[in-house]
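Fold and contact review
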Number of protein chains: 2
Amino acid sequence: MADIPARTEMRVTTGPIRGSRKIHVGPLKVAMREIDLERGSGEPPVRVYDTSGPYTDPDARIDIMAGLPTLRRDWIMGRGDVEAYDAREIKPEDNGLKGPDRSGGVQPFPNLVKRPLRAKAGMNVSQMHYARRGIITPEMEYVAERENLGRAAQAEYVRDGEDWGASIPDYVTPEFVREEVARGRAIIPNNINHPESEPMAIGRNFLVKINANIGNSAVASDVASEVDKLVWSIRWGADTVMDLSTGRNIHDTREWIIRNSPVPIGTVPIYQALEKVGGIAEDLTWDVFRDTLIEQAEQGVDYFTIHAGVRLPYIPLTAKRVTGIVSRGGSIMAKWCLAHHKESFLYEHFDEITEIMKAYDIAYSLGDGLRPGSIADANDEAQFAELYTLGELTRRAWEQDVQVMIEGPGHVPMHKIKQNMDKQLEACGEAPFYTLGPLTTDIAPGYDHITSGIGAAMIGWYGTAMLCYVTPKEHLGLPDRDDVKVGVVTYKLAAHAADLAKGHPAAKVRDDALSRARFEFRWRDQFNLSLDPDTAEQYHDQTLPAEGAKSAHFCSMCGPKFCSMKISQEVRDFAAKQNQPATTFLAAEEAEAGMKEMSEIFRETGSELYMGAGGREHD
Amino acid sequence: MADIPARTEMRVTTGPIRGSRKIHVGPLKVAMREIDLERGSGEPPVRVYDTSGPYTDPDARIDIMAGLPTLRRDWIMGRGDVEAYDAREIKPEDNGLKGPDRSGGVQPFPNLVKRPLRAKAGMNVSQMHYARRGIITPEMEYVAERENLGRAAQAEYVRDGEDWGASIPDYVTPEFVREEVARGRAIIPNNINHPESEPMAIGRNFLVKINANIGNSAVASDVASEVDKLVWSIRWGADTVMDLSTGRNIHDTREWIIRNSPVPIGTVPIYQALEKVGGIAEDLTWDVFRDTLIEQAEQGVDYFTIHAGVRLPYIPLTAKRVTGIVSRGGSIMAKWCLAHHKESFLYEHFDEITEIMKAYDIAYSLGDGLRPGSIADANDEAQFAELYTLGELTRRAWEQDVQVMIEGPGHVPMHKIKQNMDKQLEACGEAPFYTLGPLTTDIAPGYDHITSGIGAAMIGWYGTAMLCYVTPKEHLGLPDRDDVKVGVVTYKLAAHAADLAKGHPAAKVRDDALSRARFEFRWRDQFNLSLDPDTAEQYHDQTLPAEGAKSAHFCSMCGPKFCSMKISQEVRDFAAKQNQPATTFLAAEEAEAGMKEMSEIFRETGSELYMGAGGREHD
């Protein structure tokens, strides 16, 4: 056995996010963050969606050797439809090993569950199944509270947005969540063997979510950094995390990640299956794949990317492409199909896969193996042929009440983005769309978080439910800690821009609070309300480091004399003084009337032009 | 006098951009860059638009004490409509000084032009004036060649894009440039006193341009860094640069910048005028402002931002706003109007300003002083009231054949962006739109190059001709060298994404070349074709630093076994081998037919499944 690393080596990032407090709202104690604003500003605290789990809660005891508390365990057991059973035995090949010697590998998770849960024979434990039977689960209640950001229902709310046919409610009730899950328009990915997760919904009528990818690789990485990448990603706002590990230690690494994750974890099981057959795509079999699904289901993976839409007849459609097949899973399956001249075993065994999914409540993320990898290949025949097959598979999964989302591109110029959304809605019956970007140009490697952030914001606006992040290292190398943060924050702002444009009732509160803080020179509030308070403050301090500058009524860009905000305050004060108390905003028409009147007085008295700074000194 | 800094302190960034060569195309020797691709790839070199001037030309001798060569001097003199005259005397207050002592200040530019040019009495030297008289100027010819990126006219070109009613030609002729300038749909900003500039066009039917802002400030900065900021901005792609300096040394700093700039320089003259009256907005007068216009006109400023649309009756409309007036120029004028209870002197004297503009061929950039500074204030009454006034002023400027572009917002959620473009087109008769972003959310200070890059790409697609960059320091502090580069590259990619979506015939060539390089693992070509080859290579090398990895047929993200590009190559090779020579792409239908045939053969012979990597070894 390898030496067990000292506990101190396994530390992860903890502590509150600067300027905000963890709060727990309602009977289910739904975790959120609250940002207190400057005393005397008269501003209420702002509640924000929080994905960071207990790691940012100073009252929580974090021990990654023990894993997180099992928040959902009682809910799951309370439904009486699951049974514990002896887990499938862990095999050397699960960790990419040839024999029982695990030296040099990752230590096994100490607190391993030996008897995982599954649905009792004949039962279906998916949230969709409950929803369709009219049952509102605690998971749905949790989601409702979370989506409202702790707001009370508002009697009057003026909607401002273009939602392209979505049905976003003014206030999210548990019943609304149930309906959305029942009709397949939203999913709550939460494997019954991942009771540590805080329920969240992915759907067109909820806040737009983002996913971050982590994973070791054949070339670099180690487990300690993988766990911290998870914690780091969710700190900045990743709603789900995909573990895309390949190579050695893949089983044990995943166990560490899931046991310590408050967000749903997704995987691409074909990656591990390929490892088990020595990396030879042609050697993949349904049995190896099925065994891998069970292995990961027992560990608690919440959604599986399954590339069942890469069908044999579609593969030649990619031959004319500039960049062929760029999905790893897609290319593995394409190679298998070609080598065997057979239809994909994922497609052929799809209903059997669904049987497994419903026994653990794992959601499908139907992979777009034929997504375009370049602007030239966007919206082509191969891509859309697969999409319509994904629609067919969605309906087949729904027949068994299994939750489904659909993966989307990729590389798409702006004028072809909406077509992706429209076709997905049509083909897949409004099952949530989950896209990678899309990148809107190919010419900026090193900046692909931005080329794709543009496409992500747009497709999120059009109706995509979750956006898979892209880091600055995309196409070039493995992201480090800084890259992950930049990728997550970029996608968080893209998702928020989408929520705003859709007119989501909870979205604009934060923009308005920040803008008021900006206008009133409440620097500290401006930092704290931002998606990345650390960077905002650091950038400010690079020019004006003194503590006093945080209360200065100007900033470094213009200096005190040229500050438009300051002048604008004076303009407002001046206008307000005309005929209203200074504490209220003046209606524009009244201000105009007031000024006309003043001009007349002025002309009548024949005085000199007054030179005051907004008062009535000329009188 | 201050000590003259040693020449070595005044150095700027020179040398070729990695992986590309400067070329000069056609009789006018239009500067472009050419990127040579790997020998043996069979790929032609890719020509790209180049804004970097002589600084990236190894054959050019750079001496910023002497300034750049006066490329356009002969063209200007050759028209016979200008005269040299004794320049307005430089006054201490031009540099923010109280007396003749210039110690501690910036040294004057050594090679100062004592006798600037202006139109002879009764003449009009604007490009619009020539265009309307049917004259194709060398400037127009230069622009045509430049916009075509040295392409020859193509007989057949399949357009792929949505141009929202633009009229982008397949090939740009000098006559097309003339027509566009004549009807006001494009401008060529080039003051006759800035003969160092390389002509460029800003218009909806040309490549989307970007602007970078530089400028000292009351709080930080110095002249040497300002000149290098110019050189650094244009190196990465800034098409024009605005000098937003305030405070001391403003005149001399501007002289250094213009004499060394191959791109048009814009300013906001009200900033300097305000300095001259001690920073008291109410003390501004038409005479001081007019004198400042002449001062800057003689130096060679190519376009002036004039906030003549901030009219007295619109000011109260801003009182209810969350962030009031955020434009510096707008707030200065608002304060002046309110203090005097008078209509703006810029509006009142607009035709006189136009008289000055046409004598030097300075273009208007009609400032949006009432642009929204927050999501809450987007598309409000104040903003659009001003926009329609800008439309009125456009028509008045056009009456004197003076070139005009229109500045636009600011902060706008995605669903309100298109309305900005549509109203601008309607109100301003297709005069080029020049927007700041817009930022699509307020909650990400530190990432506002991205929140605004999203809006910039979209509004560029809808028809905006030039995008004013935003750096990561926006709202927080002064951008440093890295921030300027990140801002420029972000906007360059946004502009390119817009060109692609509009279906600009010259745009997709680079994306396709880069994507082919990516698919074929030509790493060096991928770096060189990118907007920022240095960063692309650096990111790659952080994971796989060895030189050998640059020719590796895999990368660090997936490692060799999981490389989808590699598998996809195999798939393509396999498909191609069916019944076509491997050197040509196979039509999808043919490939499919070929594979069906093979499957049949396979079944007939009853062989085992073959396990080869794409060959026909089972035969």
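Just so it is clear, the model here is predicted, and its values are computed rather than measured. (Residues numbered from 1 in each chain as written. Chains lettered and ligands numbered in written order. Predicted model: local features only at pLDDT ≥ 70, side-chain atom pairs only at ≥ 80, totals over all residues. Heavy atoms only, no water.)

**A closer look at the pairing of strand β14 (residues 433-436) of chain B**
All names here are of chain B. Residues F433 and T435 of β14 are buried on one face, and the alternating residues Y434 and L436, pointing to the opposite face, are buried as well. With 3 bridges joining them, strand β13 (residues 404-408) and β14 adopt parallel strand pairing. By the bridge assignment, G408 is partnered in β14 with T435. Taken together, β13, helix α13 (residues 417-428) and β14 constitute a β-α-β crossover, and its handedness is right-handed. With 3 bridges joining them, β14 and strand β15 (residues 466-468) adopt parallel strand pairing. Within β15, the position partnered with L436 by the bridge is C468. Note on the crossover from β14 through helix α14 (residues 448-462) to β15: the handedness is right-handed. (Buried < 20%, exposed > 50% of the residue type's maximum accessible area, 1.4 Å probe, protein only. Helix = DSSP H or I, 4+ residues; strand = E, 2+ residues; numbered from the N terminus. Pairing = 2+ DSSP bridges. Right-handed = clockwise from strand over helix to strand, strands pointing away.)

**Some points on the confidence of the model for chain A**
Residue and element names in this part refer to chain A. With 87% of its residues at a pLDDT of 70 or more, chain A shows a mean pLDDT of 88. Counting contacts from residues 1-9, a segment whose pLDDT is below 50, to residues more than four positions away or on other chains yields 11 contacts. Note that residues 579-592 has pLDDT below 50 and, in this model, 25 contacts with residues that lie over four places away or in other chains. Per the prediction output, this complex has pTM 0.91; the corresponding ipTM is 0.91. (pLDDT = per-residue confidence, 0-100. Contact = heavy atoms within 4.5 Å.)

**Focus: the nonpolar core**
Formed by 306 residues in total, the largest nonpolar core has its most connected members in A:F289, A:Y364, A:M414, B:F289, B:Y364 and B:M414. Excluding anything up to four places from it in sequence, A:Y364 contacts A:F304, A:I306, A:F350, A:I353, A:T354, A:M357, A:A397, A:V402, A:Q403, A:V404 and A:M405. (Core = buried A, V, L, I, M, F, W, Y, C linked by side-chain atoms within 4.5 Å.)

**Things to note about the interface of chain A and chain B**
Contacts between the two partners involve 130 residues from chain A, matched on the other side by 131 residues from chain B. Summed over both sides, the interface of chain A with chain B buries roughly 11400 Å², with 68% coming from carbon and sulfur. On inspection of chain A and its partner chain B, the count reaches 2 salt bridges. For B:K416, the salt bridge is made with A:D160, and the minimal N-O distance between the two is 2.7 Å. Applying the counting criterion to the chain A and chain B interface returns 18 residue pairs in polar contact (both at pLDDT 80 or more). When the residues that make up the side of chain A that touches chain B are grouped by side-chain class, the tally is 66 nonpolar, 37 polar and 27 charged. (Buried area = accessible area lost by both parts, 1.4 Å probe. Salt bridge = Lys/Arg side-chain N within 4 Å of Asp/Glu carboxyl O. Polar contact = N/O pair within 3.5 Å; in protein donor to acceptor, adjacent residues only side chain to side chain. Nonpolar A, V, L, I, M, F, W, Y, C, P; charged D, E, K, R; others polar.)

**Examining the environment of A:R11**
Residues and elements named next belong to chain A. Following the sequence through the fold, R11 ends up in the segment before β1 (21-25). On the basis of relative accessible area, R11 is assigned to the exposed category, the value being 64%. Sequence spacing of R11 and M65 is 54 residues, and the spatial spacing of their C-alpha atoms is 9.8 Å.

**Overview of the packing of helix α13 (residues 417-427) of chain A against helix α14 (residues 448-462) of chain A**
Residues and elements named next belong to chain A. Axis separation between α13 and α14 bottoms out at 9 Å; the angle between their running directions is 35 degrees. For α13 against α14, the interelement crossing comes out right-handed. Contacts between α13 and α14 involve I417, K418, N420 and M421 from the former and G455, M458, I459 and Y462 from the latter. Of the residues belonging to the contact of α13 with α14, the class tally is 5 nonpolar, 2 polar and 1 charged. (Axes fitted to C-alpha atoms, helices over the stretch in contact; angles between N-to-C directions. Left-handed = near helix turned anticlockwise from the far one by under 90°.)

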